[in-house]
Amino acid sequence: MRPKPTGHVLGNDLILTRIFRAPIDDVWRSVTQSERTELWFGRWEGDAGPGKTVRLQLTHEKDQPWSNVTIEECEAPRRLALSMRDDYGDWRLELTLTQTDDTTELRFVQRLSDRQLAGDVGPGWEYYLDMLVATREGTALPSFADYYPSQKAYYLDGA
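Residues numbered from 1 in each chain as written. Predicted model: local features only at pLDDT ≥ 70, side-chain atom pairs only at ≥ 80, totals over all residues. Heavy atoms only, no water.

Chemist: Can you tell me about the overall build of the protein chain, naming the residues and giving the values?
Modeler: When helices and strands are counted, the protein chain shows four helices and eight strands. Walking the protein chain from its N terminus toward its C terminus, one meets helices and strands in the order β-β-α-α-β-β-β-β-β-β-α-α. When the 159 residues of the protein chain are sorted by exposure, 42% land in the buried category. Long-range pairs, those at least 24 residues apart, make up 48% of the contacts in the protein chain with a sequence separation of at least 6. (Helix = DSSP H or I, 4+ residues; strand = E, 2+ residues; numbered from the N terminus. Buried < 20%, exposed > 50% of the residue type's maximum accessible area, 1.4 Å probe, protein only. Contact = heavy atoms within 4.5 Å.)

Here it is in structure tokens:
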């Protein structure tokens, strides 16, 4: 069974959320520590901090390319804003974490330069965030083929 898309687009912002039964500090480490980000997205190297640039290897992409990622803002353990540029354009990303009782919500936002990009980008972030969930829960990793192109129309039709 293919996963159902969960995100939406507001203006040019692609927005997705995931809920974790875990403290905010633990979820924060999953999205900021290289040995943990490598499990679901990619490993990074360098001296991290606001205004600094690290190198990120997209370990789940074809040819595992490297990209430079600038840390625009970092307010541990609540907010991380990043930017990068690659062959597909400019990427402006923001992760916000909020803890309520024993759960932490991760809110992911990508500011799209063109809303039509949501058809290609939305399914990719659904996949990566589900990879994050799977690595945290110790369950089987999803397959990208279950997300794209089947979710493309959802994001193009006004998600």
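Further notes follow.
Chemist: I'd like a rundown of the sheet that holds strand E7 (residues 89-100), residues and numbers included.
Modeler: Strand order across the open sheet formed by eight strands is E1-E2-E8-E7-E6-E5-E4-E3, with antiparallel pairing between neighbours. What marks the edges here is a single partner per strand, and that holds for strand E1 (8-10) and strand E3 (43-45). The mean inter-strand angle of the sheet, taken between neighbouring strand axes irrespective of direction, is 30°. The pairing of E7 with strand E8 (residues 103-111) spans nine bridges and is classified as antiparallel. Opposite Thr98, over in E8, you have Glu105 as the bridge partner. (Pairing = 2+ DSSP bridges. Axes fitted to C-alpha atoms, helices over the stretch in contact; angles between N-to-C directions.)

Chemist: Explain the packing of aromatic side chains residue by residue, including any values.
Modeler: For the structure on display, the rule yields ten aromatic pairs. On the basis of an interplanar angle of 70° and a centroid distance of 5.7 Å, the ring pair of Tyr127 and Tyr147 is categorised as edge-to-face. Taken together, the residues span a long stretch of sequence, with Tyr127 in helix H3 (residues 118-137) and Tyr147 in the loop between H3 and helix H4 (152-156) at a distance of 20 residues. The two residues Tyr127 and Tyr147 agree in class, both being buried. Seen from their ring centres, Phe144 and Tyr148 are 5.9 Å apart, and the 15° between their planes marks the pair as stacked. (Phe/Tyr/Trp six-rings, centres within 6.5 Å; stacked < 30°, edge-to-face > 60°.)

Chemist: Would you mind going over helix H1 (residues 24-32) in detail, with residue names and values included?
Modeler: Buried residues dominate H1, accounting for seven of its nine residues. Those residues of H1 that sit buried are Ile24, Asp26, Val27, Trp28, Ser30, Val31 and Thr32.

Chemist: A description of the pattern of salt bridges should follow, citing residues and the corresponding values.
Modeler: Tallied over the entire structure, the rule returns 15 salt bridges. Between Glu75 and Arg79 there is a salt bridge, with its nearest N and O atoms 3.9 Å apart. Look at Glu75 and you get partly exposed, because its relative accessible area is 42%. Given a relative accessible area of 18%, Arg79 falls into the buried group. By sharing partners, the salt bridges in this structure join Asp13, Glu73, Glu75, Arg79, Glu94 and Arg111 into a single network. (Salt bridge = Lys/Arg side-chain N within 4 Å of Asp/Glu carboxyl O.)

Chemist: Can you tell me about the environment of Ile24, naming the residues and giving the values?
Modeler: Within the secondary structure, Ile24 is located in helix H1. Counting along the chain gives 13 residues from Ile24 to Gly11, while the straight-line C-alpha distance between them is 28 Å. Beyond its immediate chain neighbours, meaning those up to four positions away, Ile24 contacts Pro77, Arg78, Leu97, Thr98, Gln99 and Thr104.

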